[in-house]
Amino acid sequence: MADYNPQAIEKKWQKRWEEKRVFESEAELTETQDPGTHSVPGAPFGKTQERQKRPKYYVLEMLPYPSGTLHMGHMRNYTIGDVVARVKRMRGFNVLHPMGWDAFGLPAENAAIQNRTHPREWTNKNIAEFQRVLRRFGFSYDWRREISTCEPEYYRWNQWFFLRMLERGLAYKKKSRVNWCPKCCTVLANEQVVNGGFCWRHEDTRVEARDIEQWFLRTTAYAEQLLEDLKELEGGWPERVITMQRNWIGKSVGARVQFAVADVAGAGKIEVFTTRIDTIYGASAIILAPTHPLVGRLIAGAGNQAGLEAKLAEMKRSSVKMEDIATAEKDGFFTGRNAVNPFNGEKVPIWVGNFVLLEYGTGAIMAVPAHDERDFEFAKKFGLPIPVVVRKKDSTTEDTESTEKGLNEAYTEYGVSVNSGAYSGLETAAAIEKMAADAEAGGFGKKETIYRLRDWGISRQRYWGTPIPVVYCEKDGMVPVPGKDLPVLLPAHPKLTGEGQSPLATDPEFLNTKCPKCGGPARRETDTMDTFVDSSWYFYRYCDPKNDQAPFASAKADYWFPIDQYIGGIEHAIMHLMYSRFWCKVMRDMGLIAHDEPAARLFTQGMVLKDGTAMSKSAGNVVGALDMAERYGADTGRLYTLFAAPPEKDLEWSEESIEGSWRFLNRVYRVVDKHAADGRGISDISDQISGSEEESKDNAEAQRVAEEDKRKRTQDAPLQTKGGAPSAFVKVGELREKEKGLLRKAHQTVRRVTQDFETRWHFNSAIAQMMELTNAIYAAEPLEENLRPEVRKEVLELVTLMLAPMTPHLAEELWEMLGHSDGLWNASWPAFNPELAKEEEVEIVVQVNGKVRGRVKAAAGTGQEDVLKLAQTEPGVAAHLAGKTVRKVIFVADKLLNIVVG
Ligand SMILES: [Zn+2]
Ligand SMILES: [Zn+2]
């Protein structure tokens, strides 16, 4: 008997998979000879293209940035994707599971400067290393489709897309105030400024404001669609990501209203944007952003001018960023000036506040403390009045009295206007309508919709990115590089200093060119593109990675898209996932694709923690993937990351539980090894049991028929997924008691594991079920006495097949030990015998307020919600629930449900 030797087993199967090319997806289009014509072989005539008939499944993990060392935190993500890919293959899908490299970017450039090497060299070395680690873990990628975004074959299409967007008015250049990271020495997009003003790469570095000529992509042109189509993603994307995107787009429907400045002659009007114009009678201040152009003018000549100016400067330095508005400490000061409320002519003091942003709305707000939480907080802090102008509909005298005494918190709901002149008594929606219309008629306001989303600044002043394909001619101005001249190649030997300006500007050979229009001297654009451009459409290139005529063929994208399952970190909720949704819509409008959204389902996995913090090189708590593979084997590493926590939750690394995973795999190996050895004599024993030679021929024939039937079914109904027993089921009626017990357990396990894989993604619970089943097998020892060989074989095969997606190397080895010479990669996901897999039924007592009102029958292990639903259909229970509200539910699994009503 041999020991489980993962190193040898893993190497053996990785080699075999590669030789047999088992992870290559099948072509989207199949060429078939048209029988009606006789053409020269190889000629395009006589062939028809047919769309691949097998159902497709596109599963993808976000492409990695090749830097540093791959650790077990990364491996978790890839393991989840690989399990899904393998299960889907076993279920008969044509699976696309590719891998590539997000290869442009600053870290490569900085590392190259530091190590006096070329960014390409540094990047390619990392790619080679990443490849080695991913192969070592046996991930089932179709490596033919590998892409690297720093190759001209790839980035020429970034340039091509840029030119198309330029034609469509979706790319433009303008001078604007931008976020500049002094460490990155480049501009950052709004989405790349985090934690209230810091660089997303350098969380200790405050972003500065600079005025620079910049290229932008007009993401705002798609603001409404980006928002609207989030509805399509509900159920498929995490609610949290959808909410983050919705907030980032930040649509507000409301009105602009102008307040005249009262005390400063010629200062004109202050425009505010509000979604609650109905509360304008409750405005107790106008608050301006510190950078609002009027502020200087208002302060000038005010009583305490110097003091106010110092305060203003301080506020500008510690400016609050959009994402922190809700949580930041509120600060502000009175300018000494007043504005006039256009609805009632009353004076309203003008303040400056750190939580008002110039970039959003008009850079000024009206503060209505009684009906806005933020304004309430501000008014409390600075002692502003809090007049109530909206009351709850149908409010009682008691409500009114308590309101008169002063609010404890803002009342932000809709209700009825009060203390609002002619508008008092109107319900909120009607008041908004009427007051907005009146403001428009009176010439001091109008209805408007605004978005928080800004256009995407893509200019970067660094080397390692895609050159922006335009030139500047003295005569013709900005001229796009013609398509035939793409790609505009990066200069091969840049002078990299990491300082100030783009390295492309210091290379005369790159810089100086001819104008495509007049042939005169011209200068190339020296900015490169944000690397998020590369990742905005890379998953389309996987469909058609070698295409040199187009970024990809539409027919191929039509087959594979949308991505069925996309997997990656929550940190991409805004940047990558917003940009790629935008790109998808632009490509659709260009006629390249026919769908609205790139990914139907998104999964964001939890982090891997060690000693309480996320595994990372900088935290120094990394468990290297290769170390793990060397010590325990890749399969144990894969199993552990799936078992230690549900995939969406964070996982705390524990050496102890790794040992547990390792022991489990050893247990499985040993029991198969032991019984497969005598299992090689299975046919002999079964001959004895079945008796005559004829009967064994009958059995063989039955199996052949079953096999053929199965194959036929796959051919006739190609859209049905595969799936079938490893071999024909043993007939239940003939089973002995012990056999029945173990087979029941095995089939129940298949049923639950299938569910865990397909619908719930409870990989950890699936593994637990398999562990239990393994224990049950051990408990049935000696198997050779208690089980007939065919029963033994069936149980061991089921365990092996269920393990295959998670620990694929070991499963292949066991499959071979069990006498299969054709590779587990050809096997289908096991079906279960419904008769055997039926769950045990239990009777659950149902109480209402502690009194027994009925009993319901349910499968053992049914959850609270389902039992509650069942209970509500019980007439005896329903009678006592009628007209009452459920206050609380007490549930003891398989035993009791007590519904507390009131
Ligand atoms: Zn930075
Ligand atoms: Zn010219």
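Keep in mind that what you see is a predicted model, and the values were worked out from it rather than measured.

Colleague: Quick question: what am I supposed to make of the overall build of the protein here?
Modeller: When you go through the protein residue by residue, the secondary structure sums to 30 helices and 36 strands. Here the protein holds 902 residues, and the buried ones make up 53% of them. Of all intrachain contacts in the protein linking residues separated by at least 6 positions in sequence, the fraction that spans at least 24 positions is 73%. Summed over all atoms, the accessible surface of the protein reaches about 40,600 Å², with 50% contributed by carbon and sulfur.

Colleague: Looking at this model, I keep getting lost on the coordination of the zinc ion (ligand 1). Mind explaining?
Modeller: Around a metal, the perfect tetrahedron of four donors has angles of 109.5 degrees, and the perfect octahedron of six donors has angles of 90 or 180 degrees. Binding of the zinc ion (ligand 1) to the protein goes through Cys181 (SG), Cys184 (SG), Cys199 (SG) and His202 (ND1), at separations of 2.0 to 2.4 Å. Coordination geometry of the zinc ion (ligand 1): the four donor atoms subtend angles of 106 to 114 degrees at the metal centre, consistent with an arrangement described as tetrahedral.

Colleague: I tried to follow the sheet that holds strand S32 (residues 651-652) on my own but got confused; where do I start?
Modeller: Sheets are built from strands that pair by backbone hydrogen bonding, the pairs being arranged parallel or antiparallel. Spatially, S31-S30-S32 is the arrangement adopted by the three strands of the open sheet, whose pairing is mixed. Each edge of the open sheet carries a strand with a single partner, namely strand S31 (613-614) and S32.

Colleague: Just checking my understanding: could you explain the coordination of the zinc ion (ligand 2) for this structure?
Modeller: In this structure, Cys473 (SG), Asp476 (OD), Cys515 (SG) and Cys518 (SG) serve as the protein donors to the zinc ion (ligand 2), at separations of 1.9 to 2.3 Å. The site at the zinc ion (ligand 2) holds four donor atoms, and with the angles between them running 105 to 118 degrees, its shape is tetrahedral. Within one chain, the residues donating to the zinc ion (ligand 2) are spaced in sequence as C-x2-D-x38-C-x2-C. Residue aspartate 476 is found in the loop between strand S23 (470-473) and strand S24 (477-480), and its partner cysteine 518 is found in the loop between strand S25 (512-514) and strand S26 (521-524); the two are separated by 42 residues along the sequence. Using a relative accessible area of 25% as the deciding quantity, one classes aspartate 476 as partly exposed.

Colleague: How should I be thinking about unusual backbone geometry in this particular structure?
Modeller: Leave glycine aside and you will find that most residues have negative phi; peptide bonds, for their part, are mostly trans. In this chain, leucine 486 is followed by proline 487 through a cis amide linkage whose omega measures -5 degrees. With respect to the element layout, proline 487 can be found in the loop between S24 and helix H14 (508-511). Here the bond from phenylalanine 561 into proline 562 is cis, since omega is -5 degrees, no more than 30 degrees from zero. Locating proline 562 in the fold gives a position in the loop between helix H16 (554-560) and strand S28 (565-568). A positive phi is found at aspartate 611, a non-glycine position, where the angle reads about 55 degrees. We note that aspartate 894 has phi near 65 degrees; this positive angle belongs to a residue other than glycine. Under the relative-accessibility criterion, aspartate 894 is labelled partly exposed at 28%.

Colleague: Help me understand the packing of aromatic side chains, please; the structure alone is not making it clear to me.
Modeller: The tally for this structure, following the rule as stated, stands at 51 aromatic pairs. Their ring planes at 75 degrees and their centres at 6.1 Å tell us that tryptophan 101 and phenylalanine 130 sit as a pair that is edge-to-face. Taken together, the residues tryptophan 101 in strand S5 (residues 100-101) and phenylalanine 130 in helix H4 (residues 119-136) connect sequence positions 29 residues apart. For the residue pair tryptophan 101 and phenylalanine 130, the accessibility class agrees, reading buried in each case. The structure contains a cluster of three or more aromatic residues connected by ring pairs, namely Tyr154, Trp157, Trp160, Phe161, Trp200, Tyr222, Trp456, Phe532, Trp537, Tyr579, Phe582 and Trp583. Over the aromatic face of tyrosine 778 sits the side chain of arginine 667, whose NZ or CZ is 4.1 Å from the ring centroid.

Colleague: What exactly am I supposed to notice about the environment of isoleucine 280 here?
Modeller: Note that isoleucine 280 resides in the loop between strand S13 (269-274) and strand S14 (285-288). With a relative accessible area of 0%, isoleucine 280 lands in the buried category. Residues within four places of isoleucine 280 in sequence aside, it is in contact with Val257, Phe259, Asn341, Phe343, Met366 and Met435.

Colleague: Hey, could you run me through empty space enclosed by the protein in this one?
Modeller: In this approach the atoms are scanned with a rolling probe the size of a water molecule, which exposes any empty space left behind. Under the criterion given, the structure shown has one cavity of 30 Å³ or more. Gly105, Leu106, Arg201, Arg460 and Thr531 are, among the 17 residues lining the largest cavity, the residues nearest its centre. If you list the elements that add at least two residues to the lining of the largest cavity, you get helix H3 (106-115), strand S8 (186-188) and strand S27 (528-529). Broken down by class, the residue content of the lining of the largest cavity amounts to six nonpolar, six polar and five charged.

Colleague: For this particular structure, what's the right way to read helix H11 (residues 373-382)?
Modeller: The α-helix winds at 3.6 residues per turn, so residues separated by three or four positions along the chain end up facing the same way. Residues of H11 that are buried include every one of Asp375, Phe376, Phe378 and Ala379, and no others. All buried residues of H11 fall inside an arc of 165 degrees around its axis, so they share one side. Facing away from the buried side of H11 by more than 90 degrees, the exposed set consists of Glu373 and Lys380. At its buried positions, H11 is contacted by S14, strand S15 (332-340), strand S16 (347-353) and strand S17 (364-367). The N-cap of H11, judged by a side-chain oxygen 2.9 Å from the amide nitrogen of arginine 374 a few residues on, is aspartate 372.

Colleague: How do you make sense of the sheet that holds strand S35 (residues 886-892) when you look at a structure like this?
Modeller: On the basis of which strands lie adjacent, the open sheet formed by four strands has the order S34-S33-S36-S35 and mixed pairing. The two strands at the open ends of the sheet, each matched to only one other strand, are strand S34 (851-859) and S35. The sheet shows a mean angle of 20 degrees between the axes of neighbouring strands, direction not considered. The pairing of strand S33 (residues 841-848) with S34 spans eight bridges and is classified as antiparallel. Counterpart to valine 848 in the pairing with S34 is lysine 851.

Colleague: Just checking my understanding: could you explain the environment of aspartate 438 for this structure?
Modeller: Relative to the assigned elements, aspartate 438 resides in helix H13 (residues 428-441). Taking the C-alpha atoms as reference points, aspartate 438 and phenylalanine 343, 95 residues apart in sequence, are found 9.3 Å from one another. Residues in contact with aspartate 438, not counting those within four places in the same chain, are Tyr423 and Phe444.

Colleague: Quick question: what am I supposed to make of the packing of helix H8 (residues 239-249) against helix H17 (residues 575-589) here?
Modeller: For any two helices packed against each other, the geometry comes down to the angle between their axes and how far apart the axes lie. Where H8 contacts H17, the axes come no closer than 11 Å and their chain directions differ by 75 degrees. Of the possible angle classes, the one that applies to H8 and H17 is roughly perpendicular. For the pair H8 and H17, contact is made by Val241, Gln245, Trp248 and Ile249 and by Leu577, Met578 and Arg581, respectively.

Colleague: Just checking my understanding: could you explain H8 for this structure?
Modeller: Among the residues making up H8, those that are buried are Val241, Ile242, Gln245, Trp248 and Ile249. One side of H8 carries all its buried residues, which in axial view fall inside an arc of 130 degrees. On its buried side, H8 packs onto helix H6 (223-228), helix H7 (230-233), H17 and strand S29 (602-604). A positive backbone phi angle near 55 degrees is found at glycine 250, which sits one or two residues after H8.

Colleague: Sorry if this is basic, but what is going on with the pattern of salt bridges here?
Modeller: For side chains of opposite charge, pairing can occur when their charged atoms come near one another. All told, the structure shown has 53 salt bridges when counted by the stated rule. Measuring nitrogen to oxygen at the nearest pair gives 2.9 Å for the salt bridge that ties arginine 86 to aspartate 82. Note that arginine 86 and aspartate 82 are positioned in helix H2 (residues 72-90) at a spacing of four residues, about one turn of the helix. Classification of arginine 86 by relative accessible area gives buried; the value is 9%. Judged by relative accessible area, aspartate 82 falls into the buried class, the value being 0%. Measuring nitrogen to oxygen at the nearest pair gives 2.8 Å for the salt bridge that ties glutamate 655 to arginine 631. Placement of the pair is glutamate 655 in helix H20 (residues 655-679) and arginine 631 in helix H18 (residues 625-631), with a sequence separation of 24 residues. Classification of glutamate 655 as partly exposed rests on a relative accessible area of 33%.

Basis of the calculations
Residues numbered from 1 in each chain as written. Chains lettered and ligands numbered in written order. Predicted model: local features only at pLDDT ≥ 70, side-chain atom pairs only at ≥ 80, totals over all residues. Heavy atoms only, no water. Helix = DSSP H or I, 4+ residues; strand = E, 2+ residues; numbered from the N terminus. Buried < 20%, exposed > 50% of the residue type's maximum accessible area, 1.4 Å probe, protein only. Contact = heavy atoms within 4.5 Å. Areas by Shrake-Rupley, 256 points an atom, 1.4 Å probe, with all protein chains shown as cover. Donors = N, O, S within 2.8 Å, 3.2 Å for Na, K, Ca; no water. Tetrahedral: all angles 85-135°; square planar, octahedral: opposite > 155°, others 65-115°. Pairing = 2+ DSSP bridges. Phe/Tyr/Trp six-rings, centres within 6.5 Å; stacked < 30°, edge-to-face > 60°. Lys NZ or Arg CZ within 6 Å of the ring centre and 35° of its normal. 1 Å grid on protein atoms, 1.4 Å probe; cavity = no way out; pocket = protein on both sides within 12 Å on 5 of 7 lines; lining within 4 Å. Points joined across faces, edges and corners; volume = space filled by probe spheres on them. Nonpolar A, V, L, I, M, F, W, Y, C, P; charged D, E, K, R; others polar. Arc of directions from axis to C-beta. Polar contact = N/O pair within 3.5 Å; in protein donor to acceptor, adjacent residues only side chain to side chain. Axes fitted to C-alpha atoms, helices over the stretch in contact; angles between N-to-C directions. Parallel < 35°, antiparallel > 145°, perpendicular 65-115°, else oblique. Salt bridge = Lys/Arg side-chain N within 4 Å of Asp/Glu carboxyl O.

Functional significance is not addressed by these values, which are geometric in nature.
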